[in-house]
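Residue-level structural notes
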Amino acid sequence: MRNQSNDVILRMENIVKCYGNLIANDNVSLHLNRGEILAVIGENGAGKTTLMKVLYGLEHPDNGDIYLNEKKIQIHNAAQAIANGIGMVQQHFMLFDPFTVTENIVYGKEPKKGLFFDLKSANQTISELSRKFDLPLNPTAKIQGMPVGLRQRVEILKVLYQNADIIVFDEPTAVLTPQEVHELLNTMKRLAEAGKSIIIVTHKLNEVMEVADRAMVMRLGKHVADRNIADTSIEELSFLMVGRHLIETEIPKIAPGKDILRINNLCLTREGSVPVLDHISIHVDAGEIVGIAGVSGNGQSDLVQCIFGLQKADSGQILVNGKDVFNRTVKEVRNSGMAMIPEDRFIWGSAAQASVAETAIMGHYEKPSFSRKGFLNVRTIREFAGKLIKEFSVKADSIAQKTSSLSGGNAQKLIVAREIRQNTPILMACEPTRGIDIGAIQFVHDRLVEKRSEGAAVLLVSSELSEILKLSDRIYVIYEGKINGEFKRGNVSEEELGLLMVGSKKL
Amino acid sequence: MNINANYLAVVFNSTIRMMTPILFVGLGSALCNRVFIFNIGLEGTMLTGAFAAIVANYYTGSIFISLLAAMISAMIVSWIAGIFMVKFKGAMLVVGVSINMLISGLTTFLMQIIFGVKGAYVSTDLVPLHKTDVSMLKQWPILQTMFGSLTYLDFFAFILAIILYFFLFRTVTGFRMRSVGINKIAAQSLGINADRLQIGTVAFSGLLSGIGGCLLTMGGVTMFAQNITAGRGYIAMAAATLGAAHPLGVVAGSAFFGFAQSMANMLQNSSISSQLTMALPYLATILALAIYNFSQIRRHAQ
């Protein structure tokens, strides 16, 4: 345990923030001790991010005060937050891809030599800083093409360069690989030891248990509880967060039917690299969830895109009920009886500017119930969208609201709802629970199992091993575009899968 | 038509005179591109400058005041356009086209009111831009032809390109400008007033286009004709695109279009019909942009 003093560095008192009718923060108070790691936890839409935006000057509270070192301060914009020693590592990185590491870090506080930007001394400052905090980085490397973990390191150094005493991490592990998560948590501990005070906003409770000193729980815009990590458990925190006990999904045993989706020797190569997909042969039967486990970047995205017609493969067969849909268009593939929950809800799954109702029929708008002779049947669409958000408890003010204004979890629920309710015999679910909170995860899992128990074939691609292990009736491991192992439920451990995922031979 | 050294020198000289108005506007366009503003209004602000120069000259007889009027008027028009585009988030294309149509109509109208003429106004009372003295080159007649009858502004255009190069890539302000074009949200989250930077850039690009307009009316022949810019603002945008929004690249892009324009002028004396030769710069624009975009698409595909 770190020797954290009990002097309070930051207090936020009675913060109120409303968006229209929605009260995002309802009299929320927060205090942070020097050298402490405070986890702010809660489900999506609980108001954590809003509270942090208020602290960082990106939102202006309707009421409430902020005290730094017991002195009242005003924060109207990010520049003032930075000037007050408050730094934020945002969930969506704020980086300039074509610029170098140094240029990104010194941004806004650039050293000058006469009229000119003194890049040389900047590079030197950054390499010293990176050594001091043991965060190795090449100052002159460009951000372009950097892995996510390194990008985040740039963000952290940026905050340190700005001399922040308080560092806010907003959902920092959502996009990281397990190794990167481990490294990040260690970095946080080191920073706290160096006297920085840290707030981590998250809903991943095992990370909270590992790294935090104290947890502040938010639910529906209210601050509902405070717990010292030493005196609490994951179960208690999750109960406080969700407001109810989560019941583990029961997965009923059913015998799989005939194979609905069968892929034979699918190959894809790209110029100047190893084969992306190397003779992939898999099958998914009716009433079966088949998981594809792999470290991301080993071909699973390409596999799904080739199956779905988003990418053209080189050779192979993709049989849907015996009919070959190899290299057909997305529309033809969809019409053959396939639905897909894409891996990125805003890049593939929806259009940010479209309304909730529009998102609810995207990809299906040509079906006779939604349109006739090119004209949309607005009433049916509205009814359908209304039904979906009710049935899948999507938190939305109205079906006319922009998809981008939904929280991540709610947007994901909407997309899941859309793809499941098309009642296709095949569903491909890619990272169906990425970046959403435990309540929503549970919900999505239940729907997938339900779909499978109704006799559909579900292909699940996920970088969360626990998810694969929990849901899949059968598991394929993919490594460098090849299938590196196949297991039935219960015949493999997480450790064994982990080893196969990084390329070790069959056990 | 015999092609000899002297002929090439004439072509070179004419290319320079044709390219520099485009270069000024092109540099402005490049700066706008760098802050992610598609400023199609440069055609209109260039026309503003051209007209203001003539009017100021008519009343004061001072070329200095003429240039100043061109710069300031074009900057103000552009600044207003910038406010509409950035602060009120107007569609850039719509704002730009509105500016162009407004200025085109307004200058035609004001020309009739002020000068009492339709179509074109020419007067010997107007004071043109000073020409540089090339008498020290008299031992080398070829050089004299190449650099003769150019104004100070023609030379300044090239110097400006170099200054802007250092500004964009070596100064902090230039660095921040480029950053806003790459990721405005990130720049704002780091406490930069991105809106102000964008509006300022648009206003400055207007100022540059004003210089270009002034050079057009007060450079070679001192005259103003209805819509005298004749699409040079658009061509300058094309030059900026071809030059990848790099100040020195814009010089190359402008030179290409200046050359096309000067060839068009030269060929007017030949047997090719003038309708065809006058279309040459525009055909060159379309061709160049098509080739450029095609190569970009291919590069992306790889």
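Residues numbered from 1 in each chain as written. Chains lettered and ligands numbered in written order. Predicted model: local features only at pLDDT ≥ 70, side-chain atom pairs only at ≥ 80, totals over all residues.

Here we take up the packing of helix α6 (residues 152-170) of chain B against helix α7 (residues 172-182) of chain B. Residue and element names in this part refer to chain B. In contact at an axis separation of 5 Å, α6 and α7 are set at 70° when each is read in the N-to-C sense. Classified by the interaxial angle, the pair formed by α6 and α7 is roughly perpendicular. Contacts between α6 and α7 involve Phe167, Leu168, Phe169 and Arg170 on the former and, on the latter, Gly174, Met177 and Arg178. (Axes fitted to C-alpha atoms, helices over the stretch in contact; angles between N-to-C directions. Helix = DSSP H or I, 4+ residues; strand = E, 2+ residues; numbered from the N terminus. Parallel < 35°, antiparallel > 145°, perpendicular 65-115°, else oblique. Contact = placed C-beta atoms within 7 Å.)

Turning next to the environment of Glu391 of chain A. Residue and element names in this part refer to chain A. Within the element layout of this structure, Glu391 appears in helix α13 (residues 378-391). For Glu391, a count of 12 C-beta atoms within 10 Å translates into the label exposed. With 26 residues separating them in the primary sequence, Glu391 and Ala417 have C-alpha atoms 8.4 Å apart. (Buried ≥ 20, exposed ≤ 12 C-beta atoms within 10 Å, placed from the backbone.)

On to the interface of chain A and chain B. Opposite the 17 residues of chain A that make contact, chain B presents 12 residues. Looking at the side of chain A that touches chain B element by element, the count peaks at three residues for helix α2 (residues 78-83) of chain A. Looking at the side of chain A that touches chain B residue by residue, the class counts come to 11 nonpolar, three polar and three charged. (Nonpolar A, V, L, I, M, F, W, Y, C, P; charged D, E, K, R; others polar.)

Now for unusual backbone geometry. Residue and element names in this part refer to chain B. One non-glycine residue with positive phi stands out, namely Phe36, at about 65°. Examined against the element boundaries, Phe36 turns out to sit in the loop between α1 (5-34) and α2 (42-60). You can call Phe36 partly exposed: it has 16 C-beta atoms within 10 Å. With phi around 50°, Asn227 is a residue other than glycine that occupies positive phi space. Note on placement: Asn227 falls in the loop between β2 (223-225) and α10 (232-242).

It is worth spelling out the sheet that holds strand β1 (residues 8-19) of chain A at this point. All names here are of chain A. Reading across the sheet, the four strands line up as β2-β1-β4-β5 and stay open at both edges, with antiparallel pairing between neighbours. Both edges of this open sheet fall to β2 (22-33) and β5 (71-73), since each of them pairs with a single strand only. Averaged over all pairs of adjacent strands, the angle between their axes in this sheet comes to 25°, without regard to strand direction. The pairing of β1 with β2 spans eight bridges and is antiparallel. Following the sheet pairing, Arg11 is matched in β2 by His31. (Pairing = 2+ DSSP bridges.)

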